Amino acid sequence: MIQLECEEQVCVQLVPSRATLKSHLIQDNSNSILFSSPVIEKCKAVVSWMSAPESYADKQFVEVDGLSRFNFGSSVAFVGVLTANELCFPMLWDAFHALPVGGEIVVVDYVVNAHNCILYRDYFKDSVEIETVGNSPSVVVFRKIALTLAETNKGLGDWSFCIPISHPNGTTLAEIRSQIEGLGLAKYELLICSSPHYKDLISEHATFVQEPDNGTLSAKKNTLAAAAQYGNLCIFHDRVSLPKNFKSAVEKYGDNYGLAHFQSLIFDPTINRIIRYSDYHVNLSTNATFFGETDNDLHLEKTFSKDSTLFREWNSEFSIANPRLYTTQMYGTGTLYICKKAVWEFCGQAPEIDWNDLEDLEHGHRSISKGVPSRVNPHAFTRSRRVRSIMLGSQRHQLSDWSNQNLSGSQIISRDASATKKLFSVDPTRVRKELYAFIDDFIPSASRRPAYKAVSASALNTGLSLFEVSIQILDLVPVLREPGFVKTLIARFFDCFPFGAHDDSSVRRLAMEVVGGGYHVDIIAGSPEFRRLADLCETGIFIDTGIKDNLGDAILRTWADKQTPLAFDGSYEEFSKAIMAAF
């Protein structure tokens, strides 16, 4: 947190952090025009990227980037900040929330309006009084008259953990419950939103929340937020493993955040590295249209119809984002949201839009249009329990500026292929038990004996053995070419294996191929999801607590790697502990 409280006026000279290698310091003879407004004189802090006039004897140079939090005190002027870069959005968000009621922010710039100043937007309308006191340049005073929505949920001790899920797994829910119990939080609850069919299973581990009638992923998240009894929400998918240092990470990041996200890690066997995975993206298309309106417009809400999906309406390219280089085109991918209950209820997800229609991208753009930025909390990392092939495929879309960014202690973890010990071994007993249950549910009693025999005879600890036994079992399953049955069959089959590499979109795609006449054995066993699962089991790259004995050297080697997308602020010791806490 960049925090400033001063008795005498001080000029805060913003400097881009070394990690960004981008200079925003503006040397311009016209600077004196912006600094000449008499309104500035009463402010204790004057903040600018510009080189301040020499009359400002007391100057403090502060390195900032997209990971920074800001508190400039109760009376602050921002001079030329809006025209410098879009970091002004989270900067003004933080500065306004840090004000006491009655405090003021003065913004002086060539143009000050709702397009470049977040304080005009809907989120702040009941908390701010706006007075324009000058033109050419524009001078606007924003006076805080009431607490904001985020401040109505003050504090970081009470948490509602919320999971929308279609096919809950009891073992996974038990693991998540155990993780949350170990976080050391003052008060917490675990809410699961799903079908009434799974109420008894869910109630063993969490509070059951019935899914809404339309059942979209977005609607489930909104329903969970409404049901939550605590002011801090952590909305995430069951594939996410929460970091052990969750409590210290949110406390270090600070209160009154907008939409916050952790960077998420997973091992990609195609490149033999631990990488960021489905956490925080940037829309790269500068001329994108959103439901017929440009993405620069403030009002993005339109009626969504299933015959005109977001894929067709948004000509979009997206990439994993560099959290340090904040822009309003960045958004959380939906893997995990940390948000105040009041803020989510103000700008939750569009319930009409389901997963696979870029509901996360729409949510991110609509949220910033309403005045709520999306940012990364860099103090902890999550781990994904399973892989979505579509996201691993997107790794080839890397931000071009990563190659010349010095991320100052930011890295991804690599492991030598010659490692002497596997980081994970498949538990044959557990897989065998799951496969027996699958056989009982989907194979007629007269045909089960050869399936049982195949499972009992298989080692079930390599990719090849899993592949062989899967073909033998699936070949004995009589398939009714009805979408509901086939989707259930495929989902249950993948759930037999640890960290089954599937999601609802994958299941729907494979099911449609089967319903359309394809041979179910070839489609399921030959799918990218199953091939990746087999590869993971073969190479032993699933990572359990034994990681602490394997990756110490790798963390040290990668600490000096400056060309990676993993952002972290802190020492090597802090970084190492944060990585370990994810596993």
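Look up: the structure comes first, before these words.
These remarks concern the structure in this document.

Conventions adopted
Residues numbered from 1 in each chain as written. Predicted model: local features only at pLDDT ≥ 70, side-chain atom pairs only at ≥ 80, totals over all residues. Heavy atoms only, no water. Pairing = 2+ DSSP bridges. Helix = DSSP H or I, 4+ residues; strand = E, 2+ residues; numbered from the N terminus. Axes fitted to C-alpha atoms, helices over the stretch in contact; angles between N-to-C directions. Contact = heavy atoms within 4.5 Å. Phe/Tyr/Trp six-rings, centres within 6.5 Å; stacked < 30°, edge-to-face > 60°. Buried < 20%, exposed > 50% of the residue type's maximum accessible area, 1.4 Å probe, protein only. Core = buried A, V, L, I, M, F, W, Y, C linked by side-chain atoms within 4.5 Å. Parallel < 35°, antiparallel > 145°, perpendicular 65-115°, else oblique. Left-handed = near helix turned anticlockwise from the far one by under 90°.

## Here we look at the sheet that holds strand S7 (residues 104-109)
- Strands sit in the order S4-S2-S3-S6-S7-S9-S8 across an open sheet of 7 strands; the sheet is mixed. In this open sheet, the two edge strands, each paired with only one partner strand, are strand S4 (59-64) and strand S8 (128-134). On average, adjacent strands in this sheet sit at an angle of 20° to one another, irrespective of strand direction.
- Bridging between strand S6 (residues 75-79) and S7 involves 5 bridges; their strand directions are parallel. Opposite Ser 75, over in S7, you have Glu 104 as the bridge partner.
- Its contacts with the sheet place helix H2 (residues 88-98) against strand S2 (10-16), strand S3 (45-48), S6, S7, S8 and strand S9 (138-144), and it is angled at close to 155° to S7.

## A few points about the packing of aromatic side chains
- Taken as a whole, this structure holds 20 aromatic pairs when the rule is applied.
- Between Phe 70 and Phe 72, the aromatic rings sit 5.8 Å apart at their centres with planes inclined by 25°, giving stacked as the arrangement. Residues Phe 70 and Phe 72 agree in their burial class; the two are buried.
- Look at Tyr 337 and Trp 344: their rings are 5.2 Å apart centre to centre, the planes differ by 70°, and that puts the pair in the edge-to-face class. Here Tyr 337 matches Trp 344 in class, with each residue buried.

## What to know about the nonpolar core
- Among the nonpolar cores identified, the biggest contains 60 residues, and Phe 72, Phe 78, Met 91, Leu 92, Ile 105, Leu 119 and Phe 142 are the most heavily contacted of them.
- By residue number, the principal contributor to this core is H2, which donates 7 residues.
- Within the second largest apolar cluster, 31 residues are counted, among which are Leu 466, Val 469, Leu 489 and Ile 523.

## A closer look at unusual backbone geometry
- Here Asn 256, not a glycine, exhibits a phi torsion of approximately 60°, which is positive.
- Position of Asn 256 among the secondary structure elements: in the loop between helix H7 (246-253) and strand S15 (259-268).
- Residue classification places Asn 256 among the buried positions, given a relative accessible area of 11%.

## Describing the packing of helix H12 (residues 428-442) against helix H15 (residues 483-494)
- The geometry of H12 relative to H15 is characterised by a closest axis approach of 10 Å and an angle of 165° between their N-to-C directions. Between H12 and H15, the angle is such that the two are roughly antiparallel. The element H12 and its partner H15 pack so that their crossing is left-handed. Side by side, H12 and H15 meet where Ala 437, Phe 438, Asp 441 and Phe 442 of the first sit next to Phe 485, Thr 488, Leu 489, Arg 492 and Phe 493 of the second.

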